[in-house]
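Coordinates in review
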Amino acid sequence: MKHIGDLKITEKNQNQFNILKEVTGSLDVSGNAKLDALETVGGYLYVSGSAKLDALETVGGSLNVYGSAKLDALETVGGYLYVSGSA
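What counts and how
- Residues numbered from 1 in each chain as written.
- Predicted model: local features only at pLDDT ≥ 70, side-chain atom pairs only at ≥ 80, totals over all residues.
- Heavy atoms only, no water.
- Helix = DSSP H or I, 4+ residues; strand = E, 2+ residues; numbered from the N terminus.
- Buried < 20%, exposed > 50% of the residue type's maximum accessible area, 1.4 Å probe, protein only.
- Contact = heavy atoms within 4.5 Å.
- Polar contact = N/O pair within 3.5 Å; in protein donor to acceptor, adjacent residues only side chain to side chain.
- Salt bridge = Lys/Arg side-chain N within 4 Å of Asp/Glu carboxyl O.

1. What about the environment of Thr-24?
- Positionally, Thr-24 belongs in the loop between strand S3 (22-23) and strand S4 (27-29).
- Take Thr-24: its relative accessible area is 32%, and that puts it in the partly exposed class.
- Note: C-alpha distance between Thr-24 and Leu-7 (17 residues apart in sequence) is 9.3 Å.
- Excluding residues that lie within four positions of it along the chain, Thr-24 makes contacts with Lys-2, His-3, Ile-4, Gly-5, Gly-42 and Gly-43.
- Of note is the side chain of Thr-24, whose polar atom sits 2.8 Å from the backbone nitrogen of Gly-5.

In structure tokens form, the structure reads like this:
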């Protein structure tokens, strides 16, 4: 599944996006959201809480990570990187 444009995912709406592989715009992920299939974000990515993005490899823009989020497969960030907490 590919989402064109910006997107906000929370623990409450995460089930709508469980097969999401790509977001062309920016993405805001909060809480305990788990996105197993997400591989690419074209814009910036803002992650807070204990979100799990196990398959994410590429962020085209900047990446802000707060809390204890997991981004184990991340290889490329196109903009700046800010990490706070135990991420």
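2. A short note on the pattern of salt bridges
- All told, the structure shown has 2 salt bridges when counted by the stated rule.
- In this structure, Lys-21 and Glu-39 form a salt bridge, with 3.5 Å as the shortest nitrogen-oxygen distance. Taken together, the residues span a long stretch of sequence, with Lys-21 in the loop between strand S2 (7-9) and S3 and Glu-39 in the loop between S4 and strand S5 (40-41) at a distance of 18 residues.
- Lys-21 sits in the partly exposed class, given a relative accessible area of 40%.
- Residue classification places Glu-39 among the partly exposed residues on the basis of a relative accessible area of 32%.
- Among the salt bridges present, the one from Asp-54 reaches Lys-52, with a minimum N-O distance of 3.8 Å.
- Given the relative accessible area of 30%, Asp-54 is considered partly exposed.

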